[in-house]
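# Examination of the molecular architecture
Residues per chain are reported as follows:
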Amino acid sequence: MYEEFLDFAVGVAREAGAIQLDAFRSGDLGVETKSNLYDVVTRVDKECEALIARRIAERFPGHALLGEEGGERGAAGSRWHWVVDPLDGTTNYSQGLPVFTVSIALQQDGETVVGVVYAPYLDELYTAVKGQGAWLASRGLQPRRIRVTRKESLGAAVLATGFPYDKDVNPDNNCDNVARILPRIRGLRRMGSAAYDLCAVAAGWIDGFWELALHVWDICAGELIVSEAGGVVEPLRPDRGVSILAGCPELVAEMRRYLR
Ligand code: IPD
Ligand code: CA
Ligand code: CA
């Protein structure tokens, strides 16, 4: 029933990804700062969101949309709500680093039913439809089913995290968590795109992920992809925006002992 939406979202994500690849490492990114010096946006973020919003409005004029760059728009009160991060990993993108993604999710009556995360430089397309598993299509191969790892102990686990943009003014900036958990894990990565981090959990490239002070557009698609891959995405704490832990349930329980 959701196939039409999935195919649409994949097509639009690929279109946005093509725009990103076209300008990548070009020196013509129009980099500006947003909330502070550390929070950047490029003309490509804005172009990609404009494209995605236009495509949604053309095809589904009765739907609503939340996009990072343009906020809420479309048909207010619709039961269909798209949640879009047009370019997740803008710091990487603006530096010429290859981990960046387009993240598109669709919610029906508040429940996420379709999730698409596309990493154009890596040529990795992660998708999920509620109840139908999580899938990776890459390098021209047929999509294949992905699953989270089942590691239960931190000592064998490679985790990823990220750091909030207000890290300079808010001492609650995840450094304490890193200090507590780092000695106990096999490795820690800071890949720079929360949507990609979640997909990497879903595919088993990493075992777990946590981050504070994210936004719904960073995680909406990735959360469904993790849960359809047999993992869990749980709230870490209520007082720091969207703060989450992800992985298999046993590992998430272990991570909780050192993270807050
Ligand atoms: C950011 C990335 C990053 C995370 C930040 C996000 P943006 O999104 O997901 O990995 O650490 O918290 O804001 O700004 O590149 O869309
Ligand atoms: Ca983001
Ligand atoms: Ca973004």
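Above this text is the structure in question.
Source: prediction; values computed, not measured.

### Section: the coordination of the calcium ion (ligand 2)
Within the protein, Asp85 (OD), Asp88 (OD) and Asp218 (OD) serve as the donor atoms for the calcium ion (ligand 2), at 2.1 to 2.2 Å. Here the calcium ion (ligand 2) and the calcium ion (ligand 3) are spaced 3.6 Å apart, linked through Asp85, which binds each one. Linking Asp85 in strand E5 (residues 80-88) with Asp218 in helix H6 (residues 216-228), this pair joins segments that are 133 residues apart in sequence. Across the pair, Asp218 and Asp85 agree in class, each one buried.

### Focus on the sheet that holds strand E14 (residues 232-235)
Within the open sheet, the five strands sit side by side as E12-E11-E13-E15-E14. Their pairing is mixed. The sheet terminates laterally at strand E12 (187-189) and E14, the two strands that pair on one side only. Strand-to-strand, the axes of this sheet are offset by a mean angle of 20°, without reference to chain direction. Here three bridges tie strand E11 (residues 158-161) to E12, and the two strands are oriented parallel to one another. Across the sheet, the residue bridging to Leu159 is Leu188, located in E12. With respect to the sheet, helix H5 (residues 194-203) is in contact with E11, strand E13 (208-214), E14 and strand E15 (242-247), its orientation differing from that of E13 by roughly 155°. Contacting E11, E13, E14 and E15, helix H7 (residues 249-256) crosses the sheet at an angle of about 130° to E15.

### Some remarks on the site of ligand 1
Around ligand 1, a shell composed of 14 residues is seen, among which Asp88, Gly89, Thr90, Tyr165 and Glu211 lie nearest. Between an oxygen atom of ligand 1 and a side-chain N or O atom of Glu68, the distance comes to 3.3 Å. Going through the elements one at a time, E5 and E13 are the ones with two or more residues in the shell around ligand 1. Of all the elements, E5 adds the most residues to the shell around ligand 1, at three residues.

### Points about the coordination of the calcium ion (ligand 3)
On the protein side, the calcium ion (ligand 3) has Glu68 (OE), Asp85 (OD) and Leu87 (O) as donor atoms, found 2.2 to 2.4 Å from it. Donor residues binding the calcium ion (ligand 3) come from one chain and are separated in sequence as E-x16-D-x1-L.

### A closer look at H6
Look at H6: 18 Å from first C-alpha to last across 13 residues, which is about the 18 Å you get at 1.5 Å a residue. Taken across its 13 residues, H6 has 10 buried, putting it largely inside the fold. All of the buried residues along H6 are Trp217, Asp218, Ile219, Cys220, Ala221, Gly222, Leu224, Ile225, Val226 and Glu228. Gly230, located one to two residues past H6, shows a positive phi value of around 90°.

### Brief notes about the packing of helix H1 (residues 3-23) against helix H2 (residues 43-59)
At a minimum axis distance of 10 Å, the contact between H1 and H2 shows a crossing angle of 155°. Classified by the angle their axes make, H1 and H2 are roughly antiparallel. In this structure, H1 meets H2 at a crossing whose hand is right-handed. Across from Glu4, Phe8, Val12, Glu15, Ala16, Ile19, Gln20 and Ala23 in H1, the residues of H2 making contact are Arg43, Val44, Glu47, Cys48, Leu51, Ile52, Arg55, Ile56 and Arg59.

### So, the pairing of E5
A regular strand places its side chains so that they alternate between the two faces of the sheet. The buried fraction of E5 is high, at nine of nine residues. Where E5 lies against strand E6 (residues 101-108), seven bridges are found, and the strand directions are antiparallel. For Val83, the partnering residue across the bridge sits in E6 and is Ala105.

### Quick notes on the pairing of strand E3 (residues 64-67)
The two faces of E3 match: Ala64 and Leu66 on one face and Leu65 and Gly67 on the other face are all buried. In this structure, E3 lies alongside strand E4 (residues 71-74), joined through four bridges in antiparallel fashion. Across the sheet, Gly67 pairs through a bridge with Gly71, a residue of E4. The antiparallel hairpin formed by E3 and E4 contains three residues in its connecting segment. Sheet analysis places E3 next to E5, joined by four bridges and oriented parallel. Paired with Ala64 across the bridge in E5 is His81.

### Structural notes on unusual backbone geometry
The phi angle of most residues is negative, glycine excepted, and most peptide bonds adopt the trans form. The backbone of Arg25 sits at a positive phi, close to 60°, despite the residue not being glycine. Take Arg25: it is sitting in the loop between H1 and strand E1 (32-33). Notably, Arg139 is not glycine yet its phi reads approximately 50°, a positive angle. With respect to the helices and strands, Arg139 occurs in the loop between strand E9 (134-138) and strand E10 (144-146). By relative accessible area, Arg139 is classed as exposed at 57%.

Reading the values: rules and limits
Residues numbered from 1 in each chain as written. Chains lettered and ligands numbered in written order. Predicted model: local features only at pLDDT ≥ 70, side-chain atom pairs only at ≥ 80, totals over all residues. Heavy atoms only, no water. Donors = N, O, S within 2.8 Å, 3.2 Å for Na, K, Ca; no water. Helix = DSSP H or I, 4+ residues; strand = E, 2+ residues; numbered from the N terminus. Buried < 20%, exposed > 50% of the residue type's maximum accessible area, 1.4 Å probe, protein only. Pairing = 2+ DSSP bridges. Axes fitted to C-alpha atoms, helices over the stretch in contact; angles between N-to-C directions. Contact = heavy atoms within 4.5 Å. Near = heavy atom within 4 Å. Polar contact = N/O pair within 3.5 Å; in protein donor to acceptor, adjacent residues only side chain to side chain. Expected span 1.5 Å × (residues − 1). Parallel < 35°, antiparallel > 145°, perpendicular 65-115°, else oblique. Left-handed = near helix turned anticlockwise from the far one by under 90°.

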